[in-house]
Amino acid sequence: MGKVEFNLENVQKCICNTCPVQANSACAKEKQMKVQEMMPKITAGEMALEAEMIPGLYCAKGKTMCEDVDFEKMCQCNECPLWEEYDLSNGEPMGYYCRDGTAK
Ligand code: SF4
Ligand code: SF4
């Protein structure tokens, strides 16, 4: 278990969905679309929030399952509200959680 909690509040703060690393990933886009469709049910408590559904919050849940991402592009985790909140700049790894796994 990493130090960032996997919960709805943190999913909503995560900015991975606008990250250049995932920008051209059909896999991430498909997940994002599905999650948006399901979000009303999730927020209403009618549906559980599953880690594999979310194309983000990798600092909490670990590496991405999508293979069509581009790690040559720049991670933007340092612009995320959770970066400050969980003091991620003093942890390991420093960003690229979708590639390197959960924040510790
Ligand atoms: S630090 Fe990165 S992986 Fe974690 S919630 Fe923010 S943008 Fe997403
Ligand atoms: S963890 Fe960093 S590199 Fe990966 S999608 Fe989120 S912002 Fe981009």
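See the structure shown above.
This write-up is about the structure you can find in this document. (Residues numbered from 1 in each chain as written. Chains lettered and ligands numbered in written order. Predicted model: local features only at pLDDT ≥ 70, side-chain atom pairs only at ≥ 80, totals over all residues. Heavy atoms only, no water.)

### Topic: the layout of surface pockets
Inference 1: The volume enclosed by the largest pocket comes to roughly 180 Å³.
Inference 2: Lining the largest pocket we find 14 residues, and of these Val11, Gln12, Asn17, Gln32 and Val35 sit closest to its centre.
Inference 3: Elements that contribute at least two residues to the lining of the largest pocket include exactly α1 (8-13) and α2 (26-43).
Inference 4: Among the elements that make up the lining of the largest pocket, the one with the highest residue count is α2 (four residues).
Inference 5: The residue makeup of the lining of the largest pocket, split by class, is nine nonpolar, five polar and no charged. (1 Å grid on protein atoms, 1.4 Å probe; cavity = no way out; pocket = protein on both sides within 12 Å on 5 of 7 lines; lining within 4 Å. Points joined across faces, edges and corners; volume = space filled by probe spheres on them. Helix = DSSP H or I, 4+ residues; strand = E, 2+ residues; numbered from the N terminus. Nonpolar A, V, L, I, M, F, W, Y, C, P; charged D, E, K, R; others polar.)

### Observations concerning the site of ligand 1
Inference 1: The environment of ligand 1 is made up of Cys14, Ile15, Cys16, Leu57, Tyr58, Cys59, Cys77, Cys80, Leu82, Leu88 and Tyr97.
Inference 2: Taken atom by atom, the bulk of ligand 1 overlaps the largest cavity.
Inference 3: A per-class count over the shell around ligand 1 returns eleven nonpolar, no polar and no charged. (Near = heavy atom within 4 Å. Sits in = over half its atoms within 2 Å of the grid points.)

### Some thoughts on the nonpolar core
Inference 1: Among the nonpolar cores identified, the biggest contains 28 residues, and Val4, Val21, Leu57, Cys59, Leu88, Tyr97 and Ala103 are the most heavily contacted of them.
Inference 2: Only α2, α3 (58-61), α4 (81-85) and α5 (97-100) provide two or more residues apiece to this core.
Inference 3: Broken down by element, this core gets its largest block of residues, four residues, from α2. (Core = buried A, V, L, I, M, F, W, Y, C linked by side-chain atoms within 4.5 Å. Buried < 20%, exposed > 50% of the residue type's maximum accessible area, 1.4 Å probe, protein only.)

### Structural notes on empty space enclosed by the protein
Inference 1: Counted by the stated rule, this structure contains one cavity of 30 Å³ or more.
Inference 2: Estimated volume of the largest cavity: approximately 190 Å³.
Inference 3: Taken together, 19 residues make up the lining of the largest cavity; nearest its centre are Cys14, Cys16, Tyr58, Cys77 and Tyr97.
Inference 4: For the lining of the largest cavity, the elements supplying multiple residues, two or more each, are α3, α4 and α5.
Inference 5: Its residues assigned to classes, the lining of the largest cavity shows 17 nonpolar, two polar and no charged.

### Some words on the site of ligand 2
Inference 1: As a matter of local geometry, ligand 2 sits amid Cys16, Cys19, Val21, Gln22, Tyr58, Cys75, Gln76, Cys77, Tyr96, Tyr97 and Cys98.
Inference 2: Structurally, ligand 2 is housed in the largest cavity.
Inference 3: A breakdown of the residues in the shell around ligand 2 according to their chemical character gives nine nonpolar, two polar and no charged.

Note that every value here comes from positions in space, so none of it alone points to a role or purpose.
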